[in-house]
Amino acid sequence: MDLIDSRREQMFPILSAEQIAVARRFASGAARRFAAGETLFAVGEVAAPLWLILEGAIDVFRRDGLGNETHITTEGAGQFSGEISQLGGRASLSVGRAGPDGCRALPFDAAHLRAMLVGSADLGEIVMRALILRRVGLIESDGAGSILIGPAHTPDLVRLQGFLTRNGYPHNVMDASEDPEARALLERFGVGEDELPLMICPDGSLLRRPTDAEAGRCLGITTELDPEKVYDVAVVGAGPAGLATAVYAASEGLSVLVLDSRAIGGQAGASARIENYLGFPTGISGQALAGRAYSQAQKFGAELGIPITAEALACDDRAGQVRLSLADGVTVRARSAVIASGARYRRPDVPDIETFEGAGVSYWASPIEAKLCAGEEVALIGAGNSAGQAAVFLADKVERLHMIVRGDGLEASMSRYLVDRIAALPNVELHTGSEVVALEGDRAGGLTGAVFRNRDGREHHCALRHLFLFIGADPNTHWLRDAIALDDRGFVVTGGAFTHGGVARTAHPLETSHPRVFAAGDVRAGSTKRVAAAVGEGAAVVAQIHAMLADSG
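Residues numbered from 1 in each chain as written. Predicted model: local features only at pLDDT ≥ 70, side-chain atom pairs only at ≥ 80, totals over all residues. Heavy atoms only, no water.

A.B. asks: Mind showing me how you'd approach the overall build of the chain here?
C.D. replies: Check the secondary structure of the chain and you find 14 helices and 30 strands. The C-alpha radius of gyration of the chain comes to 25 Å, within 12% of the 24 Å expected for a compact globule of 553 residues. Each of the three principal axes of the chain carries a C-alpha extent, and together these read 80 × 70 × 45 Å. Put simply, the chain has 553 residues, and 54% of those count as buried. Excluding contacts between residues fewer than 6 apart, the proportion of contacts in the chain whose partners are at least 24 apart in sequence is 67%. (Helix = DSSP H or I, 4+ residues; strand = E, 2+ residues; numbered from the N terminus. Rg over C-alpha atoms; globule rule 2.2 N^0.38 Å. Buried < 20%, exposed > 50% of the residue type's maximum accessible area, 1.4 Å probe, protein only. Contact = heavy atoms within 4.5 Å.)

See the structure below:
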């Protein structure tokens, strides 16, 4: 039984007459009549409204990049169209047409939809749950979203899969090396091997070897920013700290923009399962936790720009603004900024390791990587909680997992529940006092083996095609240059006694050396490096921003 069958009543609820009366107060326009077969919203349509059906019915279809349509449902009076894309005015992932007798429906654009979700708690809960479940249903289906074509396991294809998966966009993959239909499509479109992977967007657009940014623009993920707008808060980083900042700031009426160069969730978003986060006794995946926070931020009106890279920060004291220079040449202006850019995965000192990144060497263990290495022998380096979570997740999928640890064991750096669970896994072999000293293979063929060396100098060769690295991370602050004070390890210094413009000042606890610029989460010097702590700092920084804005008028 699929999600639509098991949770149909929640995915496609029927509102009562009283609930429809409440919803009418939030509509963005008058009710409109549609003739039989007329399109209410199309795949790829940006900012398509949610439609509340008053009379008649609409037929909803999902469509892949080749134009193949699959009927999802028929919605009648009291039901409403849309999924989570409608909250942010994003591109539609489905198509809706009026039924045989036509229909009459009431429109709700993104702003009015958000007003309804916040203004009516009961109605908001029903609608929000339905929108989220519909997106999940599209992700789990086989006939929605983009089509990716290319040889399996190639770095660019895996990268695109990861980008779409972590941002919650449905897609299907066709292996050009084995699938005759995939090869026929490449021939039909005149696409050569050097142009792979090919991405066919839901609207039929073709992208040859697209970057994440190109894919984001095609799918309507990437926000079109208004350079004239001045936000109350600009947040750099969409990990737990950045998303928490967005939720709390937007819910309190501040205008918020969140930027991230890759995906929602940060490093936590790549965690297979987080089991010690308050309120989730059975655990939750990092992607699911990030997805919920992302939906929540959109509900309150925060704008999220992904993938958009901030390259520099500057402050205009006379205008009372912070300016963020972006990779695409646009400048964002805000009354305050929160640096929540987290950390970059640390690369071990192994010769030619960059050759194998995306071709056997991975810095996270998502379902994509787990599928690629299913039934194989793999190795994982690291001894922290992230390494432990990955080891537990992968052990169930692989034949054997070698866990490489430089220290004498796991107890000093890993939570007890993970240490005990790993000890109980029969196919995990722990190598203490060891490190990787060489990798074998090439970029084209991928990783084929690794050489481990222990403290007494003995070396051990292991044939494997997948190596997972969880050896810590360095602060993602290279883009800040000389804009704010960093400690000797590159973390952002907050809460100190600083001098600005020749005047001594004591910063708020999460404020940096420059007024109006704050930091939260793993990027901050002295932070706890836990998801819950990052969320707490994201909430706390909003109160300090309010105080700063009040002081500055």
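What follows continues from the structure just given.
A.B. asks: I would appreciate a short explanation of the environment of R134 in the present structure.
C.D. replies: Of note, R134 is situated in helix α5 (residues 121–140). For the pair R134 and L304, spaced 170 residues apart in the sequence, the C-alpha separation amounts to 20 Å. Leaving out residues up to four positions away in the same chain, R134 has contacts with M11, F12, P13, E75, F80, S81, G82 and E83.

A.B. asks: Please explain the packing of aromatic side chains as it appears in this structure.
C.D. replies: Following the criterion strictly, the structure yields 4 aromatic pairs and no others. Relative to Y363, the ring of Y345 has its centre 5.8 Å away and its plane inclined at 35°; by these criteria the two rings are tilted. Highlighted residues: Y345 in strand β18 (residues 343–345) and Y363 in the loop between β19 (361–362) and α11 (367–372), separated in sequence by 18 residues. Among the aromatic side chains, those forming a connected cluster through ring pairs are Y345, Y363 and W364. One cation-aromatic arrangement involves R135 over Y169; the distance from NZ or CZ to the ring centre is 4.7 Å. (Phe/Tyr/Trp six-rings, centres within 6.5 Å; stacked < 30°, edge-to-face > 60°. Lys NZ or Arg CZ within 6 Å of the ring centre and 35° of its normal.)

A.B. asks: Got a minute to help me understand the side chain of T222 in this structure?
C.D. replies: Within the secondary structure layout, T222 lies in the loop between α8 (212–219) and β10 (230–231). For T222, a relative accessible area of 16% gives the class buried. Engagement of the side chain of T222 in a polar contact is seen with the backbone oxygen of I306, the distance being 3.0 Å. Beyond its immediate chain neighbours, meaning those up to four positions away, T222 contacts R90, A213, G216, R217, I306, P307 and I308. (Polar contact = N/O pair within 3.5 Å; in protein donor to acceptor, adjacent residues only side chain to side chain.)

A.B. asks: Explain the pairing of strand β25 (residues 459–463) here, please?
C.D. replies: Regular strands have side chains that alternate between both faces of the sheet. Relative to β25, strand β24 (residues 446–454) runs antiparallel, the two being bridged by 5 bridges. Its bridge partner being in β25, V451 is matched across the sheet by H461. A loop of 4 residues connects β24 with β25, the two strands running antiparallel in sequence, and G457 in this loop sits at a positive phi of about 95°. (Pairing = 2+ DSSP bridges.)

A.B. asks: Just to check I follow, could you spell out the pattern of salt bridges for this structure?
C.D. replies: A side chain with one charge may pair with a side chain of the opposite charge, provided their charged atoms come close. Tallying each qualifying case throughout the model produces 26 salt bridges. Residue E38 is joined to R32 by a salt bridge in which the shortest nitrogen-to-oxygen separation is 3.2 Å. Taking the relative accessible area as the measure of exposure, R32 reaches 40% and is therefore partly exposed. Residues joined by salt bridges that share partners form a network here, namely D156, R159, R209 and D212. (Salt bridge = Lys/Arg side-chain N within 4 Å of Asp/Glu carboxyl O.)

None of the figures reported here should be taken as evidence of function without further support.
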